[in-house]
Amino acid sequence: MIAATRPERAVLRLARPYLNRLLGAGLLAAVTEFAGLALMATATWLLMSAAGRPPLDRLTVAIVAVRALAVSRGVFRYTERLAGHDAVLRLVTDVRTRVFAALAARRAPEQRTGDALSRLVSDVEAVQDLLLRVLVPASAAALVSVVAVGAAALISPAAAGTLAVGLLVAGVALPALATALTRRAAAEVAPLRGALAADAVDLTHGAADLAAFGATGSALAAAGQRTARLARLERRLAATGFAVDAAGVLVAGLSAAAVVFVALARDVDGVLVGVLAVGTLAAVEVALALVGAARQRTQLSAGLTRVAALLDAAPTDTTPTAGPTEATAAGAAPGGEETPAAVSTAPHHVRFSDVTVRYREGAAPALVGFDLDLPAGRRVAVVGPSGAGKSTIAAVLTGSVRPEAGRVTLDGRDLSAYSAQELPRAVGGLLAEAYVFHASVRDNLLLGRAGASDDEVAAATAAAGLLDWVREQPDGWDTVVGEEGGQLSGGQRQRLALARALLAAPGVLVLDEPTEGLDPAAADAVLASTLAATPPGHSVLLISHRLSGLAGLDEIVVLDAGRVVQRGRHADLVATPGWYRDQWRLQEAAERGYFALTP
Amino acid sequence: MNRRPFDPRLLRRVPAARRDLAVLALLGVVAAGLVVAQATALAALLATAFDGRLDRPALAGLVAAVAARSLLVWAQGTVSARVAATVKAALRVELLGAVGRHGPGWVAGQRAGQLATLAGRGLDALDAYFTGYLPQLVLSVTVPVAVLGRIFLADWSSALIIAVTLPLIPIFGALLGWQAQAATERQWRRLSLLGGHFLDMVAGLPTLRAFGRARAQVDVVRRMADGHRVATMKTLRIAFLSALVLELVATLSVALVAVPVGLRLLGGGLTLQTALLVLLLTPEAYLPLRAAGARFHASMEGLTALDEALTVSATPPAPAERGGPAPDGRAEIRFESVTVEYERTTALRDVTLTIRPGERIAIVGPSGAGKSTLLGLLLGFVTPTSGRVTVGGVDLAGADPQVWRRQLAWVPQRAHLFAASLADNIRLGAPDTPDAALAAAVRDAALDDVVAGLPDGLATVLGERGHGLSSGQRQRVALARAFLRDAPLVLLDEPTARLDSASEAVVLAATRRLVAGRTALLVAHRPALLSDADRVLRIEEGRVTELTPVPTAEVIR
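Residues numbered from 1 in each chain as written. Chains lettered and ligands numbered in written order. Predicted model: local features only at pLDDT ≥ 70, side-chain atom pairs only at ≥ 80, totals over all residues. Heavy atoms only, no water.

Section: the overall build of chain B
Point 1. Within chain B one finds 19 helices and 10 strands.
Point 2. Scored against the burial criterion, the 557 residues of chain B give a buried share of 54%.
Point 3. Taking the intrachain contacts of chain B between residues at least 6 apart in sequence as the baseline, contacts between residues at least 24 apart amount to 78%. (Helix = DSSP H or I, 4+ residues; strand = E, 2+ residues; numbered from the N terminus. Buried < 20%, exposed > 50% of the residue type's maximum accessible area, 1.4 Å probe, protein only. Contact = heavy atoms within 4.5 Å.)

The structure is reproduced here in structure tokens:
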């Protein structure tokens, strides 16, 4: 149980730069504990010696020692805590940065829910607890125990043996027991707590559904039953868990009693018996800190495992500041001087040749034998029912998904030859998972192109139809949009993301459902102004499930189940029997009906 | 926010915990007695050991005291864990019950997330408070009193010094604590903001990547994390310094007691046993106060959760109990000059409207215009600020909402799917539905092909919030619920929003089947729904205007 687990080693490897600070903190912790122990022992010696009424000068050294120990213990503790926290917080800074770098280095991210994200934050904090609450106190306790047994052996080897037994029980057996019990308790409680958390989500987020269907009462009753079951389980587990603490108290007291018994049997001097007894109580108390450390360690293991897995997956180049573009959050100049000369914003020629994509082995392909020529300035729409593979094309083009077969080239070079920094300069735009940051409108926009002028920002915002809203806000461009854009409506968030994509103005602009969440009239207006705002010479790949506004495009590709079923210009497609014409008629009838209804 | 170490509301609101809390206090008294007993026995043992003799009764006394203390530690832990479990269970039930009492209008939006977290994992922070802090708080009262009493009996002058210096701990604690608390408070806000930024950055990684900024942002994250470290250290320096001062105060106090005791012992004015007793007991008087103070910060999270839970669940429920007879859903519905105002906006202004039985009414208008509020009024989630809604002449405000809602079927914009089987999700409003009726509803809602594709069919357990189903599939589940409800009045809130054309067609067909023969209100975001409405209402900025329908066929021609 003492050997470090794999995730712990992974974390400790990162601690290497701070090893000296950490060792210092551990040593200071040991000294602090030892000072406390020595204080009690010396004071006892002083008192019991005084009872023999010796001349005062025989006690002087001890008196000075007691005073020094009393004051220095507090100072040691203060320095130890500062040094330890400083080292550990430095380490946590590194871990955070590395975790982010590891995540950033991934090309194709897995989807993460909000819960998994906040867990990531607390997992990183587990690193802090591992060092401060487990490793530092544990090593201090071990060190103090060894010194205490050694000191006791100078007085009486037999008493030292007794003390050693007590310390082994308190510092090894009980922590092992605590580990086992904590692990078992966690295994029993976790599923019930998870179920209860799900109940809480259902009863709050689903409150309207439950009320409308008269099911609130039964859902509450079910959650109530689970709550009661959890409470019963927690009570039962506490009874066994606290038995370890009770045993700790017993071990401390019995060790002291046994030491007195053994020492007296060996005719140890009376004063020293007192020192041994009081010292034993203090030493076992120090060793018992290992019980708490063991519990803490067990609770941390899951979080540490996840952090270590992330760090393991990090690329070999983990030096976070190695990238050539060190732009700040928003606003700093783009690192123009080091920009790879090979990639500029426009014009570009993209070509898909016979591309097939499969997300999982054995699953049906998401895209089959797809061909598309997208020379500079060409504007193409991809349409089709949901799940047809439209977004897969965007994912391949932006490099987050690699084709299983076929080739995608940018200016004749394979896409995979471009680095994660180069590619977004040429290809980008509004993707399905567009995220709005908890920052000002301006900062969110400048993410598209750091260093854009005010006029450029305003032009992009106007094209997305958000300029009037920004002007209406009291804080204007500095309006903070709230967590996950929570202060914005869905439509506003979409427009903000679109404006950012337009500001980025990559040579190949990908727009994945740019008008989602807008009503038909607004959607048509925004699509038109977006296409108008795209500079000539830049090509556009528009992904849409709506068919209006596509008449001006150079080509429309209809996808169904990953295959191209139709392609051509709008005028030709509406004249040809097929999915496009059917869908167009359906939509047109409905929308024209709608417009006829509007006064 | 409540800063007291014990929230008295707890006794009132969770009566089940009262007895255990009393037991806990009693155990604290016994514990104090045992601290004294152990020190007394040890002092006697060592005083005789000084002469090289073993005092067997003292040894037996020591072992007995230790055994009793051990038992007591177990009892304290077990009882405090019981209190924690009882309180958590009671508050969970109260919190979730508050949602039921107040209705969905109260819980909507941010509060839902807050409540779910609090009732779920948030309250677990109480474990540390009840098992770690509260017993220590009791001991910080009982132990000093017992120690003081015992030393007074043995040596009154030492007791006097302790009695004078002991209050220094809470006084210094309070002085330093206030300082530290104000600093902590300021830092906390900053820290959570910084923590939030890390989260924000990680959540937005795909977007950063899309703009080629992911790597560049690593440096920003490093700087933010470093700022976090510097701010934390600033707070900690103050906190540690206050701990140091308290420790020094305690140490000096012990020295003030010990020095005269030593001198009197040297002069023969005190027996060794008494001197040892004073030496062993004096630190015990100061320890629990400091320990409780040190644990207070660790228990803050629990106290905050407790305060939040007690406050949220205590907000008085909706004004009057509405128990009046519920009207018949087949009757005429009238809105009479209804105005609905929310905190910041007016959702509906002076709306007057009559809906005749069997009518199918489509509602259009820009988002945020008040469409959903109109449905909310009928569902009883929203009450008019002025004016009234009547059904067959009966004011809805006075009707029992539970009974009234039995007349309604509701298909919301985004139905919540529960972490249960698909069948249970559909049977939400009618848990006793026989399988045949369930199968019919599944067919009517065009859900049968979805069911066929699931590993366990209708028995498939859905993930949290219906994870695993697409938007179109969820929408069909909501329709199946509505079919099963078989209510005379159907309310549909943009049932085809966020669907692609193919799913839209399927859902549309199912919707048509659902509204046939019923009174229906249909919020339509997409025009496809309008063709078979009897009337179309347009809501803009809270005002309702009626549009004259033009048959679609004529327009196309």
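Quick notes on the environment of Asp202(A)
Point 1. Among the structural elements, Asp202(A) can be located in helix α5 (residues 157–205).
Point 2. For Asp202(A), a relative accessible area of 8% gives the class buried.
Point 3. Separated by 21 residues in sequence, Asp202(A) and Ala223(A) place their C-alpha atoms 9.8 Å apart.
Point 4. With residues near it in sequence (within four places) discarded, Asp202(A) still touches Ala207(A), Leu210(A), His416(B), Leu417(B), Phe418(B) and Ala419(B).

Comments concerning the sheet that holds strand β5 (residues 413–414) of chain A
Sheets are built from strands paired through backbone hydrogen bonds, the pairs being either parallel or antiparallel.
Residues and elements named next belong to chain A.
Point 1. Spatially, four strands are ordered β2-β1-β4-β5 in an open sheet, and the strand pairing comes out antiparallel. Each edge of the open sheet is held by one strand with a lone partner, namely β2 (367–374) and β5.
Point 2. Where strand β4 (residues 405–410) and β5 come together, two bridges link them in antiparallel fashion. Pairing of Leu410 across the sheet is with Arg413, part of β5.
Point 3. Its contacts with the sheet put helix α9 (residues 390–397) on β1 (350–357), β2 and β4, and the angle it makes with β1 is roughly 120°. (Pairing = 2+ DSSP bridges. Axes fitted to C-alpha atoms, helices over the stretch in contact; angles between N-to-C directions.)

Regarding the packing of aromatic side chains
Aromatic ring pairs: the centre-centre distance and the angle between the two ring planes describe each pair.
Point 1. This structure, assessed with the given rule, holds five aromatic pairs over all chains.
Point 2. Ring centres 5.3 Å apart and planes at 80° place the aromatic pair Phe352(A) and Phe370(A) in the edge-to-face group. Of the two residues, Phe352(A) is situated in strand β1 and Phe370(A) in strand β2; the sequence distance between them amounts to 18 residues.
Point 3. On the accessibility criterion, Phe352(A) (3% relative accessible area) is buried.
Point 4. Aromatic pair Tyr435(A) and Phe437(A): ring centres 4.9 Å apart, planes at 75°, arrangement edge-to-face.
Point 5. When its relative accessible area of 6% is taken as the criterion, Phe437(A) is described as buried.
Point 6. Taken together, the ring pairs in this structure connect Tyr129(B), Phe130(B) and Tyr133(B) into an aromatic cluster.
Point 7. The ring of Tyr418(A) carries Arg413(A) above its face, with NZ or CZ at 4.3 Å from the centroid. (Phe/Tyr/Trp six-rings, centres within 6.5 Å; stacked < 30°, edge-to-face > 60°. Lys NZ or Arg CZ within 6 Å of the ring centre and 35° of its normal.)

Description of the nonpolar core
Point 1. If you look at the biggest cluster of nonpolar residues, it comprises 179 residues, and the most contacted ones within it are Val87(B), Leu91(B), Phe130(B), Phe335(B) and Leu491(B).
Point 2. Each of domain 1 (9–317) and domain 2 (321–556) of chain B gives at least three residues to this core.
Point 3. Apart from the residues within four sequence positions on either side, Phe335(B) is in contact with Val351(B), Thr352(B), Leu353(B), Ile355(B), Leu374(B), Leu377(B), Leu378(B), Arg388(B) and Val389(B).
Point 4. Counting residues in each nonpolar core, the second largest holds 45 residues, with Tyr18(A), Ala87(A), Leu300(A) and Phe198(B) among its members. (Core = buried A, V, L, I, M, F, W, Y, C linked by side-chain atoms within 4.5 Å. Domains from an automatic or database assignment.)

Quick notes on the sheet that holds strand β3 (residues 360–364) of chain B
All names here are of chain B.
Point 1. The six strands lie next to each other as β6-β7-β8-β3-β9-β10, forming an open sheet whose pairing is mixed. Both outer strands of the open sheet, β6 (408–411) and β10 (543–547), are each paired with one neighbouring strand and no more. Sheet twist, expressed as the average angle between the axes of neighbouring strands with direction ignored, equals 20°.
Point 2. The sheet contact formed by β3 and strand β9 (residues 535–540) spans four bridges and is parallel. By the bridge assignment, Ile361 is partnered in β9 with Arg535.

Thoughts on a nonpolar patch on the surface
Residues and elements named next belong to chain B.
Point 1. A surface patch of nonpolar side chains, amounting to about 630 Å² of accessible area, comprises Phe152, Leu153, Trp156, Leu160 and Val164.
Point 2. Residue assignment for the nonpolar patch shows that the elements contributing at least two residues are α6 (126–154) and α7 (156–165).
Point 3. Relative to the assigned elements, Trp156 resides in helix α7.
Point 4. With a relative accessible area of 57%, Trp156 lands in the exposed category. (Patch = residues over 30% accessible without salt bridge, like charges linked within 9 Å, V, L, I, M, F, W, Y side chains within 5 Å. Areas by Shrake-Rupley, 256 points an atom, 1.4 Å probe, with all protein chains shown as cover. Salt bridge = Lys/Arg side-chain N within 4 Å of Asp/Glu carboxyl O.)

Focus on the side chain of Thr251(B)
Point 1. Examined against the element boundaries, Thr251(B) turns out to sit in helix α10 (residues 214–266).
Point 2. Judged by its relative accessible area of 9%, Thr251(B) falls in the buried class.

Some details on the interface of chain B and chain A
Point 1. The interface is formed by 137 residues belonging to chain B together with 139 residues belonging to chain A.
Point 2. Across the chain B-chain A interface, the total number found is eight salt bridges.
Point 3. One salt bridge connects Asp127(B) with Arg193(A), and the closest N-O pair in it is separated by 3.3 Å.
Point 4. Counting every contact that joins chain B to chain A gives 16 residue pairs in polar contact (both at pLDDT 80 or more).
Point 5. Examining the composition of the side of chain B that touches chain A, we find that 29 residues originate from one element, α10(B), more than from any other. (Polar contact = N/O pair within 3.5 Å; in protein donor to acceptor, adjacent residues only side chain to side chain.)

Remarks on the pattern of salt bridges
Residue and element names in this part refer to chain B.
Point 1. Applying the stated rule across the entire model yields 51 salt bridges over all chains.
Point 2. The salt bridge involving Arg13 is made with Glu94; its shortest N-O contact spans 2.8 Å. Taken together, the residues span a long stretch of sequence, with Arg13 in helix α1 (residues 9–13) and Glu94 in helix α3 (residues 56–102) at a distance of 81 residues.
Point 3. Between Glu332 and Arg334 there is a salt bridge, with the nearest N and O atoms lying 3.4 Å from each other.

Regarding the packing of α7(B) against α10(B)
All names here are of chain B.
Point 1. In the contact formed by α7 and α10, the axes pass within 9 Å of each other and the chain directions differ by 165°. One element, α7, and the other, α10, form an angle in the roughly antiparallel class. The way α7 lies across α10 gives a crossing that is right-handed. In this structure, α7 uses Ser157, Ser158, Ile161, Ile162 and Thr165 to contact α10, whose residues at the interface are Ser253, Leu256, Val257, Pro260, Val261 and Arg264. (Parallel < 35°, antiparallel > 145°, perpendicular 65-115°, else oblique. Left-handed = near helix turned anticlockwise from the far one by under 90°.)

Brief notes about the environment of Ser156(A)
Point 1. Here Ser156(A) lies in the loop between α4 (114–155) and α5.
Point 2. Residues Ser156(A) and Val273(A), 117 residues apart in the sequence, show an inter-C-alpha distance of 9.5 Å.

Digging into helix α12 (residues 371–379) of chain B
Point 1. Counting buried positions along α12(B) yields eight of nine residues, so the element is predominantly enclosed.
Point 2. If you check which residues of α12(B) are buried, you get Lys371(B), Thr373(B), Leu374(B), Leu375(B), Gly376(B), Leu377(B), Leu378(B) and Leu379(B).

Here we look at unusual backbone geometry
Point 1. For Asp411(A), which is not glycine, the phi torsion reads 50° and is therefore positive.
Point 2. Checked against the element boundaries, Asp411(A) lands in the loop between β4 and β5.
Point 3. Residue class for Asp411(A) comes out partly exposed when judged on its relative accessible area of 39%.
Point 4. The backbone of Ala446(B) sits at a positive phi, close to 55°, despite the residue not being glycine.
Point 5. Secondary-structure assignment places Ala446(B) in the loop between α15 (435–444) and α16 (448–453).
Point 6. Assessed through its relative accessible area of 13%, Ala446(B) is described here as buried.

Description of the side chain of Thr204(A)
Point 1. Here Thr204(A) shows up in helix α5.
Point 2. If we skip the residues at most four places from it in the chain, Thr204(A) touches Val99(B), Val107(B), Ala112(B), Leu115(B) and Ala116(B).

Here we look at the confidence of the model for chain B
Residues and elements named next belong to chain B.
Point 1. Residues at a pLDDT of 70 or more form 87% of chain B, whose mean pLDDT is 83.
Point 2. Ignoring residues within four places in sequence, the model shows residues 552–557, a span with pLDDT below 50, making six contacts including any to other chains.
Point 3. Across the whole predicted complex the pTM is 0.78, and at the interface the ipTM reaches 0.83. (pLDDT = per-residue confidence, 0-100.)

Points about helix α8 (residues 270–312) of chain A
Residue and element names in this part refer to chain A.
Point 1. With 43 residues, α8 should cover 63 Å at 1.5 Å per step; its first-to-last C-alpha distance of 59 Å lies within 8% of that length.
Point 2. The sharpest bend along α8 reaches about 45° and sits at Ser301.
Point 3. Among the 43 residues of α8, 31 are classified as buried, and the element is accordingly described as predominantly covered. (Expected span 1.5 Å × (residues − 1). Bend = angle between axes of the 7 residues up to and from the residue.)

Some points on the pairing of strand β8 (residues 539–544) of chain A
All names here are of chain A.
Point 1. With six of six residues buried, β8 is to be regarded as a mostly interior element.
Point 2. When strand β7 (residues 508–512) meets β8, the two strands line up parallel, connected through five bridges. Bridge pairing links Leu511 to Leu542 in β8.
Point 3. This β-α-β element, β7 to helix α15 (residues 520–533) to β8, shows right-handed connectivity. (Right-handed = clockwise from strand over helix to strand, strands pointing away.)

Some points on the confidence of the model for chain A
All names here are of chain A.
Point 1. For chain A, per-residue confidence averages 84 on the pLDDT scale, and 88% of positions sit at 70 or higher.
Point 2. Element-level mean pLDDT values for chain A span from 66 in helix α17 (residues 579–597) up to 93 in helix α7 (residues 216–265).
Point 3. The low-confidence segment residues 316–342 (pLDDT under 50) makes 38 contacts with residues lying over four places distant or belonging to another chain.
Point 4. Note that residues 595–599 has pLDDT below 50 and, in this model, 11 contacts with residues that lie over four places away or in other chains.

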